[in-house]
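What follows is each chain in one-letter form.
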Amino acid sequence: MNSKAYDVIIVGAGVVGCMIARFLSRYKLDILLIDKEADLCMGTTASNTAIIHAGYDPVPGSLKAAMNVRGNRMWDTLAAELGIPFERRGDYVVAVGKEELPSLDALYDKGMQNGVPGMLLISGDELRRREPGINPEVSGALWASTGGIADPFAAAVAPAENAVRNGVEVMLETEFQGFLMDGSRVVGIQSSRGELRSRWVVNSAGIYSDAVMHKAGIRPEFKITPRRGEYYVFDRADIAINNVLFPVPTKVSKGILVTTTVHGNTIIGPNAQNIDDKEDRSVTREGLNEVWQGARKLLPQLELKHAIAVFAGLRPAGNAPCATAGVDCKNDYIIEIPDSVSGLVNLGGIESPGLVSAPAIAERVVELLQDAGERLVEKHDWDPIRSPRPRFRELPKEEQKILVHNDPSYGRIVCRCESVTEGEILAEIRAPIPARTYDALKRRTWLGTGRCQGGFDIPRVVEILSRELGLSPLEMSKKGVGSRFLTRPTKEVEADHAEADV
Ligand SMILES: Cc1cc2nc3c(=O)[nH]c(=O)nc-3n(C[C@H](O)[C@H](O)[C@H](O)COP(=O)(O)OP(=O)(O)OC[C@H]3O[C@@H](n4cnc5c(N)ncnc54)[C@H](O)[C@@H]3O)c2cc1C
């Protein structure tokens, strides 16, 4: 048992938990951020469309709408302070055929009610001029100038690193198993590392937030249904679109879109399929077909031969009624300190637009604690800045030369497709929250995401990780438990074969 008593334990280190850790790190509090996985950001935050939505989609009056619009406004400052790749390039909702035009008016009205600035309805001709590859049947579009794109991995790693810089502790491979209670008051958690005491516990466990709140006897009727969304990723050498193109939304999702990313790759997806298994992030032939048909409705000239990867993410779709009385919506966010249990900040159903909303949710958690009587005293030395580490590929030639001159490891390219250097890998292994797996490095440096999908770099990365961590190469893994790359030295395999031959 860890004998230290924390002020706050945050369960779940996705974008929401990491943002909460960063916002709370401003105050004189002992904070612990835990996650069951080997790295931050291995849940829903790792597999989404990475769009900073403008806020015209959620039901007006819902908590989801309020968090979306407030969160969107926070992103410029946030990204600048934390060094998160973010581009406010606007987005389009595209109507194909006259019958889809009324949906644009409805979205525009919702956006106005939600307080979204900078929206404009444009004609089909205007969109054909702005995006020449668009379906010629386009009849009009809603342009939202405040839409953006961001790096979802940095959106979790950067605030978590900034939180650590300001005194927050992080414990990975630490699973929440239950609450420690004193009557109706939460006084800590039971974890896979034993008991951990604290005055407050924040439930930011994403797709498992229903299970966590049920352990405290809260909202037994609340249920999260995993809703799978599948994607194709295209090689940026072959396809470059400059815009974020949504179709008109369906009843359950924003539809299958075509978007560029901050890394320059085009992605298409996601579809929306309810499933039972909260761990099943596999892709299916039918699902990918649906994605392909959906994307071609927007951009008919797309060619599948340029796809280099597929992936799937699981939306944590909740069933909480609207947080605002009298507003009709069936899956609002839960952000509350429940009346029946004290010491618990309870979140749930943080599905899309959870990425854009995360800073607003963190701000709301601070307000809830203050409203509950917690005296939050600011640290005089709180530092809001986290500087990004250099990305060799993005630097001008002159700066690359200086970097290599000062540290020759930046002159050794490990991932050829994405030009990721050994220097960048070492910097991430030595970072405030060290990358200890291949995927942790991939999320931070973008290595292994190009055309060869890691074919060249994996052996070299395994070697570097094992050398730096002082562990056997056999212990190096893709993403933690159950994903080691190597089983035994080659010589042992040869010896086995020799024995078998005798
Ligand atoms: C297909 C898809 C597309 C999306 N597109 C967008 C988009 O374009 N824009 C947008 O704003 N949002 C989008 N979203 C939504 C967004 O990704 C999520 O709302 C957001 O990532 C949720 O973050 P989170 O921190 O709540 O959850 P998560 O990232 O899932 O983090 C929860 C963490 O809790 C940990 N955890 C769970 N149980 C335990 C336990 N018992 N003990 C310890 N740790 C535990 C998990 O390991 C995980 O790391 C999309 C989602 C999907 C699936």
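All of these numbers come straight from a predicted model, not from anything done at the bench.

**A short note on the domain arrangement of the chain**
Then step 1. If you check the domain split of the chain, you get domain 1 (1–85 + 149–224 + 318–388), domain 2 (86–148 + 227–313) and domain 3 (393–490).
Then step 2. Inter-centroid distance (C-alpha atoms) of domain 1 to domain 3 is 30 Å.
Then step 3. The element best represented in the side of domain 1 that touches domain 3 is helix H5 (residues 154–165), accounting for 5 residues.
Then step 4. Among the residues forming the side of domain 1 that touches domain 3, the class breakdown is 10 nonpolar, no polar and 5 charged.

**Digging into the nonpolar core**
Then step 1. Of all hydrophobic cores here, the largest spans 117 residues; its most connected members are Leu 33, Val 94, Ala 160 and Ile 361.
Then step 2. Looking at this core, the element that brings in the most residues is helix H2 (residues 63–82), giving 9 residues.
Then step 3. With residues near it in sequence (within four places) discarded, Ile 361 still touches Val 16, Met 19, Met 67, Ile 335, Leu 347 and Ile 350.

**Considering unusual backbone geometry**
Then step 1. The peptide bond linking Gly 269 to Pro 270 adopts the cis configuration, its omega dihedral lying at -10°.
Then step 2. By secondary structure assignment, the location of Pro 270 is in the loop between strand S16 (266–269) and strand S17 (273–274).
Then step 3. The linkage connecting Ser 352 with the following residue, Pro 353, adopts the cis geometry, with an omega of 10°.
Then step 4. With respect to the helices and strands, Pro 353 occurs in the loop between strand S20 (344–348) and helix H8 (354–371).
Then step 5. Phi angles above zero are rare outside glycine, and Glu 173 is one such case at about 50°.
Then step 6. The class for Glu 173 is partly exposed, based on 15 C-beta atoms found within 10 Å.

Cut-offs applied
- Residues numbered from 1 in each chain as written.
- Predicted model: local features only at pLDDT ≥ 70, side-chain atom pairs only at ≥ 80, totals over all residues.
- Domains from an automatic or database assignment.
- Helix = DSSP H or I, 4+ residues; strand = E, 2+ residues; numbered from the N terminus.
- Nonpolar A, V, L, I, M, F, W, Y, C, P; charged D, E, K, R; others polar.
- Core = buried A, V, L, I, M, F, W, Y, C linked by C-beta atoms within 7 Å.
- Buried ≥ 20, exposed ≤ 12 C-beta atoms within 10 Å, placed from the backbone.
- Contact = placed C-beta atoms within 7 Å.

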